[in-house]
Amino acid sequence: MIGQALRKQLPLYPELAVRELVANALIHQDFFVSGAGPMIEIFTDRIEIGNPGAPLVATERFVDSPPRSRNEALASLMRRIGICEERGSGWDKVVSQTEIYQLPAPLPEATPEHTGVILFAPRPLAKMDKADRIRAVYWHACLRYVSQQPTTNSSVRERFGIQAKNSSIASRLIREAIESGELVPYDQDAAPKLMRYLPHWAMPDRNQAV
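Residues numbered from 1 in each chain as written. Predicted model: local features only at pLDDT ≥ 70, side-chain atom pairs only at ≥ 80, totals over all residues. Heavy atoms only, no water.

Turning to the overall build of the protein, a few remarks are in order. Of the regular secondary structure elements, the protein holds six helices and six strands. Taking 2.2 N^0.38 as the reference for a compact globule, 210 residues should give roughly 17 Å; the C-alpha atoms of the protein span a radius of gyration of 18 Å, in line with that estimate. Expressed along its principal axes, the backbone C-alpha trace of the protein runs to roughly 55 × 55 × 30 Å. The burial tally for the protein puts 40% of its 210 residues in the buried class. Put simply, of all contacts in the protein between residues at least 6 apart along the chain, 59% involve residues at least 24 apart. With the model as given, the accessible surface of the protein reaches about 11900 Å², and the carbon-plus-sulfur share is 53%. The averaged location of the 24 negative side-chain charges in the protein is 6 Å from the averaged location of its 25 positive side-chain charges. (Helix = DSSP H or I, 4+ residues; strand = E, 2+ residues; numbered from the N terminus. Rg over C-alpha atoms; globule rule 2.2 N^0.38 Å. Buried < 20%, exposed > 50% of the residue type's maximum accessible area, 1.4 Å probe, protein only. Contact = heavy atoms within 4.5 Å. Areas by Shrake-Rupley, 256 points an atom, 1.4 Å probe, with all protein chains shown as cover. Lys, Arg positive; Asp, Glu negative; His and termini not counted. Charge placed at Lys NZ, Arg CZ, Asp CG, Glu CD.)

Okay, structure coming up:
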């Protein structure tokens, strides 16, 4: 990036998110899957980080599921030497950092013998396809829910860098997520300006804190 006089380098991807994903790939690898190991692939528009072994929880519940480690001794060592932070906070940080950088949301993928995550390079909202937009709104709602904060039109605007005068764009993004089944309204009868939203798995008896 060239400023007023001098040029300076800025990371294309949030360093904290990359560090957490690499640490997770090392910690959660399945050593019983032969001929495979953690892998990092760097492309012009994305980074793919993966490890052998199916995820221990459903990928869509990475944010709220209780922490589980396939290799707890290795996880403990990495926390002690500062490679990763507190247990169970990695995916929260990845989502949070991609929101701060206003990147497309990370894409977790899973097969019976592999877990992978794709970090995407910067892409404006106008260049995101429908799947990108829905995924971003979903992970935004998940992160807000576990942080005891509601998802609103305002929070979605902030996530995507949408100006207040263009609130209808945020409404459209929320509507897409609801129609896809990823988001649900907290109160169907609330006034439009008071509407709050939850990830689809949030049970009614857990909504009191939101």
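Picking up after the structure, the text goes on.
Turning our attention to the packing of aromatic side chains. Taken as a whole, this structure holds four aromatic pairs when the rule is applied. With a centroid separation of 5.2 Å and an interplanar angle of 65 degrees, the aromatic rings of Trp-91 and Trp-139 are classed as edge-to-face. Within this pair, whereas Trp-91 is found in helix α3 (residues 90–100), its partner Trp-139 is found in helix α4 (residues 130–146), the two being separated by 48 residues in sequence. Taken individually, Trp-91 and Trp-139 each receive the classification buried, so the pair is uniform in this respect. An angle of 65 degrees between the planes, with centres 5.1 Å apart, marks the rings of Tyr-138 and Trp-139 as edge-to-face. Taken together through their ring pairs, the aromatic side chains of Phe-62, Trp-91, Tyr-138 and Trp-139 make up a single cluster. In this structure, Arg-46 packs its charged tip against the face of Phe-43, placed 3.9 Å from the ring centre. (Phe/Tyr/Trp six-rings, centres within 6.5 Å; stacked < 30°, edge-to-face > 60°. Lys NZ or Arg CZ within 6 Å of the ring centre and 35° of its normal.)

Attention now goes to a nonpolar patch on the surface. On the surface, Leu-77, Ile-81 and Ile-83 cluster together into a nonpolar patch covering about 250 Å² of accessible area. Checked against the element boundaries, Ile-83 lands in the loop between α2 (72–80) and α3. (Patch = residues over 30% accessible without salt bridge, like charges linked within 9 Å, V, L, I, M, F, W, Y side chains within 5 Å. Salt bridge = Lys/Arg side-chain N within 4 Å of Asp/Glu carboxyl O.)

Turning our attention to the nonpolar core. Of all hydrophobic cores here, the largest spans 37 residues; its most connected members are Leu-21, Trp-91, Leu-119, Trp-139, Phe-160 and Leu-183. Mapped onto this core, the elements with two or more residues apiece are α1 (15–27), β2 (46–52), α3, β4 (114–120), α4, α5 (153–160), α6 (167–179) and β6 (197–199). With eight residues, α4 is the single largest residue contributor to this core. Ignoring sequence-local partners within four residues, the contact set of Trp-91 consists of Leu-21, Phe-62, Val-63, Pro-106, Pro-108, Val-117 and Trp-139. (Core = buried A, V, L, I, M, F, W, Y, C linked by side-chain atoms within 4.5 Å.)

Following both chains from N to C, one finds α5 and α6 inclined at 100 degrees, their axes separated by 9 Å at the closest point. The orientation of α5 relative to α6 falls into the category roughly perpendicular. Note on element contacts: α6 touches α5 through Ser-167, Ala-170, Ser-171, Leu-173 and Ile-174, opposite Asn-153, Val-156, Arg-157 and Phe-160. For the contact of α5 with α6, the per-class residue count stands at five nonpolar, three polar and one charged. (Axes fitted to C-alpha atoms, helices over the stretch in contact; angles between N-to-C directions. Parallel < 35°, antiparallel > 145°, perpendicular 65-115°, else oblique. Nonpolar A, V, L, I, M, F, W, Y, C, P; charged D, E, K, R; others polar.)

Turning next to the confidence of the model for the protein. Looking at the protein as a whole, its pLDDT mean stands at 89, while 91% of the residues score no less than 70. Confidence over residues 206–210 falls short of pLDDT 50; this stretch has 14 contacts with residues more than four positions distant or in other chains. (pLDDT = per-residue confidence, 0-100.)

The phi torsion at Gln-102 lies on the positive side, around 55 degrees, for a residue other than glycine. Here Gln-102 lies in the loop between α3 and β3 (107–111).

In this section: the pattern of salt bridges. Oppositely charged side chains can form a pair if their charged atoms are brought close together. Overall, the coordinates contain eight salt bridges when judged by the stated rule. One salt bridge connects Arg-135 with Asp-132, and the closest N-O pair in it is separated by 3.0 Å. Within this pair, Arg-135 and its partner Asp-132 are both found in helix α4, separated by three residues, close to a single helical turn. Here Arg-135 and Asp-132 have matching classes, each one buried. When salt bridges with common partners are traced through the structure, they connect Asp-45, Arg-46 and Glu-48 into a single cluster.

This paragraph deals with the sheet that holds β2. On the basis of which strands lie adjacent, the open sheet formed by four strands has the order β1-β2-β4-β3 and antiparallel pairing. What marks the edges here is a single partner per strand, and that holds for β1 (39–42) and β3. Ignoring which end each strand starts from, the neighbouring axes of this sheet average 15 degrees apart. One ladder, built from seven bridges, connects β2 with β4; its direction is antiparallel. By the bridge assignment for β4, Arg-46 is matched with Phe-120. Against the sheet, α1 engages β1, β2 and β4, with an angle of about 20 degrees to β2. (Pairing = 2+ DSSP bridges.)

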